[in-house]
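These are the residues of each chain, in order.
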Amino acid sequence: MMSDRALSKTPAAARLRCVGCGALADQAALDFRCPQCGNLFEVFFPAWQTPAGRRALSPAALKATWLERRTSQRPEDTSGVWRFRELLPLLAEGQSPITLREGNTPLYEMPGCARIAGVDFLQAKHQGMNPTSSFKDTGMTTAASFARQEGFRWVACASTGNTSASMAAYAARGRMRSLVLIPEGKISWGKLSQALDYGAVTCQLRTDFDGCVQVLNQVVRRMPVYLLNSVNPYRLEGQKTAAVELLEQLYWEPPDHLIVPGGNLGNSSALGKALLEMKDLGLIAHLPKLSVIQAEGANPFVRAVREHAGKTLIPMQAETRATAIRIGNPASWKKALRVIQATEGTVEQVSEVEIAQAKEEIGADGVGCEPASAVTLAGLKKLVKQGFVLRKDKVVLILTGHVLKDPEFTLQFHRGDLFTGTQYERESAALRNLQHAPLILNPDVDAVVETLKRFEQTDLLA
Ligand code: F0G
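As a starting point, this report considers the structure included with it. No experiment lies behind these values; they were computed from the predicted model shown.

Scoring rules and cut-offs
Residues numbered from 1 in each chain as written. Predicted model: local features only at pLDDT ≥ 70, side-chain atom pairs only at ≥ 80, totals over all residues. Heavy atoms only, no water. Pairing = 2+ DSSP bridges. Helix = DSSP H or I, 4+ residues; strand = E, 2+ residues; numbered from the N terminus. Axes fitted to C-alpha atoms, helices over the stretch in contact; angles between N-to-C directions. Parallel < 35°, antiparallel > 145°, perpendicular 65-115°, else oblique. Left-handed = near helix turned anticlockwise from the far one by under 90°. Contact = heavy atoms within 4.5 Å. Nonpolar A, V, L, I, M, F, W, Y, C, P; charged D, E, K, R; others polar. Phe/Tyr/Trp six-rings, centres within 6.5 Å; stacked < 30°, edge-to-face > 60°. Buried < 20%, exposed > 50% of the residue type's maximum accessible area, 1.4 Å probe, protein only. Patch = residues over 30% accessible without salt bridge, like charges linked within 9 Å, V, L, I, M, F, W, Y side chains within 5 Å. Areas by Shrake-Rupley, 256 points an atom, 1.4 Å probe, with all protein chains shown as cover. Salt bridge = Lys/Arg side-chain N within 4 Å of Asp/Glu carboxyl O. Near = heavy atom within 4 Å. Polar contact = N/O pair within 3.5 Å; in protein donor to acceptor, adjacent residues only side chain to side chain. Core = buried A, V, L, I, M, F, W, Y, C linked by side-chain atoms within 4.5 Å. Expected span 1.5 Å × (residues − 1).

1. Things to note about the sheet that holds strand 3 (residues 41–44)
Part 1 of the argument: Strands sit in the order 2-1-3 across an open sheet of three strands; the sheet is antiparallel. Of all strands in the sheet, those with a lone pairing partner are strand 2 (24–25) and strand 3, marking the two edges.
Part 2 of the argument: The sheet contact formed by strand 1 (residues 15–18) and strand 3 spans four bridges and is antiparallel. Bridge pairing in strand 3 links Leu16 to Val43.

Set out below in C-alpha cells:
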C-alpha cells in the first residue's frame with residue numbers, strides 16, 4: 001500500500017495552502033487534498049506577502065526580462081510557460097522542464113463574432129494552438145516536470161479527452177509511462193487517438209468522467225502513480241501563465257471581461273489566480289471580470305452560484321455534446337468561486353443549440369474551436385443581452401481546444417444530423433443557414449460552375 005507516502009517538499013520559494021482551512025504545507029499527499037479538511041491545495045509564494053519580497057519582483061524588470069527571453073532559443077525561454085518562471089514554483093537545481101514549447105498562443109480579433117454578440121471589440125486567445133491542441137499543455141509541462149523530479153515512472157489522469165492527450169504527450173517526452181481513464185463512448189476520436197499515438201495505457205471505463213475520477217483516486221492509493229488531474233496544484237500554476245501571456249499581448253492593459261468555459265473548473269481557477277497575483281505584484285492596474293460559462297446539461301457550478309449562493313455544489317449527472325465539459329462534480333469549484341467573486345465576474349449557462357451555433361460563428365471568423373470552447377461566445381451573447389457586458393467593453397474569450405479535436409461534431413452539424421432524434425431537433429432547425437454540407441457532384445465543369453453561381457447569391461452568415 002502506498003497510502004502513507006507523501007510527495008517531497010515544494011520548492012523553496014513556494015508553499016502549499018489549503019483553500020478550505022488555510023493550512024500551510026510543504027508537501028502534499030498523493031491525492032493533493034488537505035489531510036485536515038479534504039479541500040484542495042494551491043501554490044502560494046510567502047515572499048510575495050511581504051513588501052520587500054514584492055519589491056524584489058519589480059513589475060518593470062519582470063516585463064523586460066520576459067520580453068528579452070523571446071529572443072532566446074533556450075527551451076525554457078521558448079516555452080510560453082517557463083518564460084514566466086518568476087511566477088512559478090521552480091524545479092530543483094539540475095532539473096530541466098519537460099517542454100514541447102507550449103503556450104505562445106495567438107490572440108485573434110473576432111470581428112464577425114463581435115458584431116453578432118453586440119460588442120465593439122472582441123478578441124479570442126486560442127489555447128487550442130498548443131502542441132497537443134488544447135490548453136492542457138500549459139499545465140502539463142509544469143506538473144509532468146514535477147512528476148519526473150519526484151522520480152515517478154507512471155503518471156495518470158481521468159479525462160474527458162484533452163488532459164489525457166496532453167498528459168500522454170508530456171509523459172512520453174519525459175520518458176514516463178502514462179495511464180489514462182476515460183469515459184467509454186463519450187470522448188472524441190481525435191483526443192482518443194492522440195493518447196494512443198503517444199503510447200498511453202488507455203482504459204475506457206463504462207462510466208462518465210466523474211466515475212473515472214473516483215476509480216483513479218483509489219488507484220493512486222494502491223500503485224505508485226502520480227496524479228495529473230487538475231487537483232494537482234502544479235498544473236494550475238502552468239495554466240495560469242496563459243493569463244500572463246494574454247496581458248503581455250495586451251501591453252498590460254487589462255480587458256474588461258475574460259470569458260472562460262467551465263468543466264472541472266481548473267482553468268478558470270488558474271487564470272483567476274494569475275489575475276489576482278498580477279494585480280498584487282503591480283503588473284496590472286485593475287482586474288478584468290472573469291466569467292465562467294457552462295453547458296445547460298452540465299451546469300453544477302451555475303446552480304451552486306445561483307441556487308445555493310455559492311455555499312454548496314450538488315453533483316449532477318452531466319450530459320452535453322460538448323464532451324470536454326461533460327462533468328457533474330467539478331473538483332475546483334471552490335477555487336473558481338473565489339475567482340468570480342474576487343474579480344466580480346459571473347456565471348452563465350448555454351443550450352446545446354446555442355453552443356453549436358456559436359461554434360460555427362467562431363469558425364466563420366476563420367478561427368475555429370471545439371464545442372466546449374464555443375460556450376464562451378454563446379455565453380457572451382447572453383451577458384450582453386443582460387447588460388452585464390456593455391457594447392464598449394473590451395472582451396477576451398478563452399478558446400480551449402482546436403477545431404480538429406472533435407471533427408465528428410462539425411461533420412454532423414453540417415450534415416444536419418447533430419440533433420436528429422433529440423429534444424433539440426426543432427430548435428436546431430433555425431441553424432440550417434449555417435450548414436455547409438459537402439456537395440457530391442459528377443466531375444463536370446458545368447455542375448461546379450452552376451454551384452458556384454448559386455452560392456454567389458448567398459452571403460456568408462446571412
Ligand atoms: N474546454 C476544453 C476543450 C476542455 O478539454 C476542458 C476540460 C474545458 C474546457 C474545461 O476546463 O475542466 O479546467 O474547467 N477538459 C478536461 C479533460 C476535464 O479531461 O480534458 P476545466
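Let us keep going from here.
2. Focus: the packing of helix 9 (residues 233–249) against helix 10 (residues 266–280)
Helix-helix packing is described using two parameters, namely the angle between the two axes and the distance between the axes.
Part 1 of the argument: Contact geometry of helix 9 with helix 10 gives a least axis separation of 7 Å together with a crossing angle of 55°. The angle between helix 9 and helix 10 falls in the class oblique. For helix 9 against helix 10, the interelement crossing comes out right-handed. Between helix 9 and helix 10, the contacting residues are Leu236, Glu237, Gln239, Lys240, Ala242, Ala243, Val244 and Leu247 on the first element and Gly266, Asn267, Ser269, Ala270, Leu271, Lys273, Ala274, Leu275, Glu277 and Met278 on the second.
Part 2 of the argument: Partitioned by chemical class, the residues of the contact of helix 9 with helix 10 number ten nonpolar, four polar and four charged.

3. A closer look at the packing of helix 5 (residues 136–149) against helix 6 (residues 162–173)
Part 1 of the argument: The N-to-C vectors of helix 5 and helix 6 enclose an angle of 45°; their axes lie 9 Å apart at closest approach. On the basis of their axis angle, the class for helix 5 and helix 6 is oblique. Every pair of crossing elements has a handedness; the one defined by helix 5 and helix 6 is right-handed. Two secondary-structure elements touch here, helix 5 through Lys136, Asp137, Met140, Thr141 and Ala144 and helix 6 through Asn162, Thr163, Ser166, Met167 and Tyr170.

4. Overview of the packing of aromatic side chains
Part 1 of the argument: Taken as a whole and judged by the stated rule, the model has seven aromatic pairs.
Part 2 of the argument: On the numbers, 4.4 Å between centres and 25° between planes, the contact of Phe146 with Tyr234 is stacked. With Phe146 in helix 5 and Tyr234 in helix 9, this residue pair connects regions lying 88 residues apart in the sequence.
Part 3 of the argument: Judged by its relative accessible area of 5%, Phe146 is buried.
Part 4 of the argument: Ring centres of Phe152 and Tyr226 lie 5.2 Å apart, and the angle between their planes is 55°; this geometry places the pair in the tilted category. Taken together, the residues span a long stretch of sequence, with Phe152 in the loop between helix 5 and strand 6 (154–158) and Tyr226 in strand 9 (residues 225–227) at a distance of 74 residues. Neither residue differs from the other here; Phe152 and Tyr226 are each classed as buried.
Part 5 of the argument: An aromatic cluster of at least three residues, connected via ring pairs, comprises Phe32, Phe152 and Tyr226.

5. Quick notes on a nonpolar patch on the surface
Part 1 of the argument: On the surface, Leu439, Leu441, Val448 and Phe455 cluster together into a nonpolar patch covering about 370 Å² of accessible area.
Part 2 of the argument: Within the secondary structure, Phe455 sits in helix 17 (residues 445–456).
Part 3 of the argument: Relative accessible area serves as the criterion here: at 43%, Phe455 is assigned to the partly exposed category.

6. Quick notes on the side chain of Asn299
Part 1 of the argument: Relative to the elements of secondary structure, Asn299 occurs in the loop between strand 11 (289–295) and helix 11 (300–308).
Part 2 of the argument: Residue classification places Asn299 among the buried positions, given a relative accessible area of 6%.
Part 3 of the argument: Not counting residues within four places of it along the chain, the set of residues in contact with Asn299 comprises Gln294, Met316 and Gln349.

7. Side note on the site of the ligand
Part 1 of the argument: Within the structure, the ligand sits among 19 residues, and Ser159, Asn162, Asn264, Leu265 and Thr400 are positioned closest to it.
Part 2 of the argument: Contact between the ligand and Asn264: an oxygen atom at 2.7 Å from a main-chain N or O atom of the residue.
Part 3 of the argument: Taking 480 Å² as the accessible area of the ligand by itself, protein coverage stands at 98%.
Part 4 of the argument: Elements that contribute at least two residues to the shell around the ligand include exactly helix 6 and helix 10.
Part 5 of the argument: Per-class residue counts for the shell around the ligand are six nonpolar, eleven polar and two charged.

8. Here we look at the pairing of strand 13 (residues 394–399)
Part 1 of the argument: Most of strand 13 sits inside the fold, with five of its six residues counted as buried.
Part 2 of the argument: Taken together, the six bridges between strand 5 (residues 121–126) and strand 13 define a ladder with parallel strand orientation. Each bridged residue has a counterpart across the sheet, and for Phe121 the counterpart in strand 13 is Lys394.
Part 3 of the argument: Relative to strand 13, strand 10 (residues 257–261) runs parallel, the two being bridged by three bridges.

9. A word on the nonpolar core
Part 1 of the argument: Within the largest apolar cluster, 91 residues are counted, with the highest numbers of intra-cluster contacts made by Tyr226, Met278, Leu290 and Phe301.
Part 2 of the argument: In terms of residue count, helix 9 provides more of this core than any other element does, six residues in total.
Part 3 of the argument: Among the nonpolar cores identified, the runner-up in size contains 31 residues, and Val119, Ile293, Ala324 and Leu377 belong to it.

10. Points about helix 13 (residues 352–363)
Part 1 of the argument: Here helix 13 contains twelve residues, and its C-alpha end-to-end distance of 17 Å stays within 8% of the 16 Å for a straight helix at 1.5 Å per residue.
Part 2 of the argument: Within helix 13, nine of the twelve residues are buried, which leaves the element mostly enclosed by the surrounding structure.

11. Thoughts on the pattern of salt bridges
Part 1 of the argument: Applying the stated criterion across every chain yields a total of 23 salt bridges.
Part 2 of the argument: The partner of Lys240 in a salt bridge is Glu277, and the shortest N-O contact between them spans 2.6 Å. Of this pair, Lys240 sits in helix 9 while Glu277 sits in helix 10; the two residues are 37 residues apart in sequence, bridging distant segments of the chain. Comparing Lys240 with Glu277 shows no difference in burial state: the two are buried.

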